[in-house]
Amino acid sequence: MKIQAKICGITRLEDALSAVAYGADALGFVFFSGSKRFIQPENARRIIQNLPPFVQTVGLFVNESAENVQKILATVPLTLLQFHGDESPTFCQQFHRPYLKAVRVQSTDDMLHAFARYPDARAILFDAYVDGEYGGTGHCFDWKMLPEKMAGHWILSGGLNPDNVAQALHETGALSVDVSSGVEESAGVKSPEKMRQFLFACQSNC
Ligand SMILES: O=C(O)c1ccccc1N[C@@H]1O[C@H](COP(=O)(O)O)[C@@H](O)[C@H]1O
């Protein structure tokens, strides 16, 4: 099975085009003003307009107001929403768009409950729990916490990088991965070489 990979925290067109050239399936745009990777909606729109048509464009939100999410949706052609805060199922559903719900994992139960709580999510994304942070931390969680059987589609995230992604895929059996800080040169600036190595490791895992 082909591994699907998302590169998150895109802020520059050249990084987006490199990620796509190296085989990324999805690009993430962070609309959370508390992030070092925050992008203005107009800039995200300009980047997306220059992408080939079949690349998924993911808008990442953290406890944003519904009004602001709607405003961003009116400006930016997003194909998927990623809710990475404490959003309720009702909140996530109201936009009538496919969405991912992120869970910052502290236990196996957290993961199992997420599928029951967000039954209409396209996938549940498992990220590391870091006190006081919402994501993009570069920390892994203990992959041994992953349950034997998942109740739906899921995405492995948190602290992945070119050096550990092959091992992560091997140990967890994940079919989809998401990475942000592990393929950067500096916050919000991606490294073409790290993205190439990361995506090559994913493709070699088929
Ligand atoms: O990337 C961010 O800045 C960010 C901010 C707030 C919430 C989530 C964020 N990114 C997501 O975090 C995970 C893990 O990132 P990393 O690879 O450990 O740096 C990933 O799913 C990003 O989409």
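Remember, predicted model here, so these are calculated numbers, not experimental data.

Criteria and thresholds
Residues numbered from 1 in each chain as written. Predicted model: local features only at pLDDT ≥ 70, side-chain atom pairs only at ≥ 80, totals over all residues. Core = buried A, V, L, I, M, F, W, Y, C linked by C-beta atoms within 7 Å. Buried ≥ 20, exposed ≤ 12 C-beta atoms within 10 Å, placed from the backbone. Contact = placed C-beta atoms within 7 Å. Helix = DSSP H or I, 4+ residues; strand = E, 2+ residues; numbered from the N terminus. Arc of directions from axis to C-beta. Near = placed C-beta within 6 Å. Nonpolar A, V, L, I, M, F, W, Y, C, P; charged D, E, K, R; others polar. UniProt positions renumbered as here; feature names shortened; annotations may be inferred. Pairing = 2+ DSSP bridges. Right-handed = clockwise from strand over helix to strand, strands pointing away. pLDDT = per-residue confidence, 0-100.

Thoughts on the nonpolar core
Right, so step 1: Grouped together as the largest cluster of nonpolar side chains are 60 residues, with contacts concentrated most on I7, A24, L27, F29, I124, F126 and V177.
Right, so step 2: The contact partners of F126, leaving out residues within four places of it in the chain, are V103, V105, M111, F141, W154, I155, L156 and S157.

A word on the environment of P162
Right, so step 1: In this fold, P162 is placed in the loop between β7 (154-156) and α6 (165-172).
Right, so step 2: Residue classification places P162 among the buried positions, given that 20 C-beta atoms sit within 10 Å.
Right, so step 3: Spatially, the C-alpha atoms of P162 and H139 are 14 Å apart, while their sequence positions differ by 23 residues.
Right, so step 4: Ignoring anything within four residues of it in the chain, the contact list for P162 reads K194, Q197, F198 and A201.

Details of unusual backbone geometry
Right, so step 1: Even without being a glycine, N63 presents a positive backbone phi close to 50°.
Right, so step 2: With respect to the helices and strands, the residue N63 is situated in the loop between β3 (56-61) and α3 (66-75).
Right, so step 3: Notably, H96 is not glycine yet its phi reads approximately 55°, a positive angle.
Right, so step 4: With respect to the helices and strands, H96 occurs in the loop between α4 (89-93) and β5 (99-105).
Right, so step 5: Take H96: there are 6 C-beta atoms within 10 Å of it, and that puts it in the exposed class.

Concerning helix α2 (residues 41-49)
For the α-helix, the turn length of 3.6 residues means that residues three or four positions removed from each other point alike.
Right, so step 1: Taken residue by residue, α2 has A44, I47 and I48 as its buried positions. Down the axis of α2, the buried side of the element spans an arc of 95°, and every buried residue falls inside it. Exposed and facing more than 90 degrees away from the buried side of α2 are E42 and Q49.
Right, so step 2: Turning to α2, the residues buried within the fold contact α1 (13-21), β2 (26-30) and β3.

Remarks on the site of the ligand
Right, so step 1: Taken together, 27 residues form the shell around the ligand, and within it C8, S35, G135, G136 and S181 come nearest.
Right, so step 2: Listing elements by their share of the shell around the ligand, those giving two or more residues are β2, β6 (123-128) and β8 (176-179).
Right, so step 3: For the shell around the ligand, the class distribution of residues is 9 nonpolar, 14 polar and 4 charged.

Things to note about the UniProt feature "domain: N-(5'phosphoribosyl) anthranilate isomerase (PRAI)" (unreviewed entry) in the chain
Right, so step 1: Here, UniProt's "domain: N-(5'phosphoribosyl) anthranilate isomerase (PRAI)" (unreviewed entry) annotation points to residues 5-199.
Right, so step 2: In the segment residues 5-199, helix accounts for 30% and strand for 22%; the C-alpha atoms at its two ends are 7 Å apart.

Some thoughts on the environment of L73
Right, so step 1: Inspection of the secondary structure assignment puts L73 in helix α3.
Right, so step 2: You can call L73 partly exposed: it has 15 C-beta atoms within 10 Å.
Right, so step 3: In this structure, L73 is in contact with L78 and F95, ignoring residues within four places of it in sequence.

Remarks on the pairing of β3
Right, so step 1: For β3, the buried fraction is high: 5 of the 6 residues fall into the buried class.
Right, so step 2: Here 5 bridges tie β2 to β3, and the two strands are oriented parallel to one another. Within the sheet, the bridge partner assigned to F29 lies in β3 and is G59.
Right, so step 3: One crossover worth recording links β2 to the parallel β3 by way of α2, and it is right-handed.
Right, so step 4: With 4 bridges joining them, β3 and strand β4 (residues 80-83) adopt parallel strand pairing. Each residue of the ladder has a partner; that of V58, found in β4, is L80.

Remarks on the environment of F32
Right, so step 1: When you line up the elements, F32 lands in the loop between β2 and α2.
Right, so step 2: Expressed as a C-alpha distance, the spacing of F32 and F61, which sit 29 residues apart in the sequence, is 5.6 Å.
Right, so step 3: Beyond its immediate sequence surroundings of up to four residues, F32 is in contact with F38, L60, F61, V62 and Y134.

Points about the confidence of the model for the chain
Right, so step 1: For the chain, the mean per-residue pLDDT works out to 97, and 100% of the residues sit at or above 70.
Right, so step 2: Taken over the whole predicted complex, pTM reads 0.97, whereas the ipTM for its chain interfaces reads 0.98.

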